[in-house]
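# Descriptive structure summary
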Amino acid sequence: MTDRLGMPRIGVLALQGDVREHLATLRTLGAEAVPVRRPEELAAVDGLVLPGGESTTIVKLADRFGLLEPLRVAVHGGLPVYGSCAGMILLADRILDAPPDQETIGGLDVTVRRNAFGRQVDSFESELDLAGLEGGPMHAVFIRAPWVEKAGAEVEVLGRVVGGAADGRIVAVRQGNLVATSFHPELTGDRRVHALFVDIVRAHLAEQASASEENT
Ligand code: GLN
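This one's a predicted model, so the numbers in the text were calculated from it and none came from an experiment.

Our next topic: the layout of surface pockets. Within this model, the largest pocket holds a volume of roughly 150 Å³. Around the largest pocket, the lining residues are Thr56, Val59, Lys60, Asp63, Leu68, Pro99, Asp101, Gln102 and Glu103. Here the residues of the lining of the largest pocket are counted per class, giving three nonpolar, two polar and four charged.

The following block contains the structure:
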C-alpha cells in the first residue's frame with residue numbers, strides 16, 4: 001500500500017480517443033499509468049481517466065467490452081475518475097443533444113450538452129481561471145466540446161468560459177472524487193488538472209489505508 005501511495009496506479013480507458021497523451025502526462029506526475037480495456041484491468045487501478053474522443057463510440061465499445069456496468073459500479077464505489085471532453089459526457093447523469101439511446105456511466109450530478117459550442121466554433125482556445133489551481137489562467141483547448149448546462153447542489157464549479165458567445169458557461173467541475181473538464185489539458189502540456197486528479201487519487205488511497213488499519 002505504501003508504494004501505491006507514492007506511485008498510484010491510474011488507468012486510462014483505452015477504447016478510443018486521446019489515450020496516449022493522458023498516459024504520458026500521468027507518468028510525468030509520478031503515477032503508474034496503464035491502459036484499461038478489460039474489467040480485470042479496471043479492478044486493478046486506483047483512479048481512472050476517461051479521455052476525449054467520441055462519446056457515442058466510447059460508450060458502445062465499453063458496453064461491448066463488458067465495461068459499462070463495472071465502470072458504473074466503480075464510480076458508485078468512490079473510484080476517483082477524471083473525464084475530459086467526451087469523458088465529461090460519460091460521467092454526466094444527464095445529456096442533451098445526444099442520440100436518444102446514448103447511455104452514460106453517470107455519477108456527476110450534471111446536465112451536459114454535447115457539441116455545445118456550435119458548428120462555427122468547432123474548436124477554439126481560451127484562457128480560463130480554474131478554482132483552486134495556482135499559477136494563473138490555463139490555456140484551454142476545446143474540440144467539439146460539451147459544456148455543463150446545469151450542475152446539482154453537490155457539484156463544485158471549477159471553471160467557466162469568460163467572454164464571447166459562451167460567456168459564463170461551465171467547463172470544469174468537481175463532485176467528490178469525480179473531476180470533469182470540457183477541454184483537453186493533455187494536449188497543452190499544462191499538467192495542473194492532472195496533478196489535481198493525482199492528488200485526489202492519493203488522498204483516496206490514504207483514506208482507504210487508514211480505514212483498513214482501523215478495521216484490523
Ligand atoms: N463531441 C464529442 C462527443 O460528443 C466530444 C469531443 C471530444 O472529446 N473532443 O463525444
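Take the site of the ligand next. What surrounds the ligand is the set Gly52, Gly53, Glu54, Ser55, Cys85, Ala86, Ile89, Arg114, Asn115, Ile143, Arg144 and His184. Alanine 86 has a polar backbone atom sitting 3.0 Å from an oxygen atom of the ligand. Backbone polar atom of isoleucine 143 to a nitrogen atom of the ligand: 3.1 Å apart, as the coordinates give it. Alone, the ligand offers 300 Å² of accessible surface; in the complex the protein occludes 97% of this. Taken together, the residues that form the shell around the ligand break down as four nonpolar, five polar and three charged.

Definitions and limits used
- Residues numbered from 1 in each chain as written.
- Predicted model: local features only at pLDDT ≥ 70, side-chain atom pairs only at ≥ 80, totals over all residues.
- Heavy atoms only, no water.
- 1 Å grid on protein atoms, 1.4 Å probe; cavity = no way out; pocket = protein on both sides within 12 Å on 5 of 7 lines; lining within 4 Å.
- Points joined across faces, edges and corners; volume = space filled by probe spheres on them.
- Nonpolar A, V, L, I, M, F, W, Y, C, P; charged D, E, K, R; others polar.
- Near = heavy atom within 4 Å.
- Polar contact = N/O pair within 3.5 Å; in protein donor to acceptor, adjacent residues only side chain to side chain.
- Areas by Shrake-Rupley, 256 points an atom, 1.4 Å probe, with all protein chains shown as cover.

Worth remembering: the numbers are spatial, not functional.
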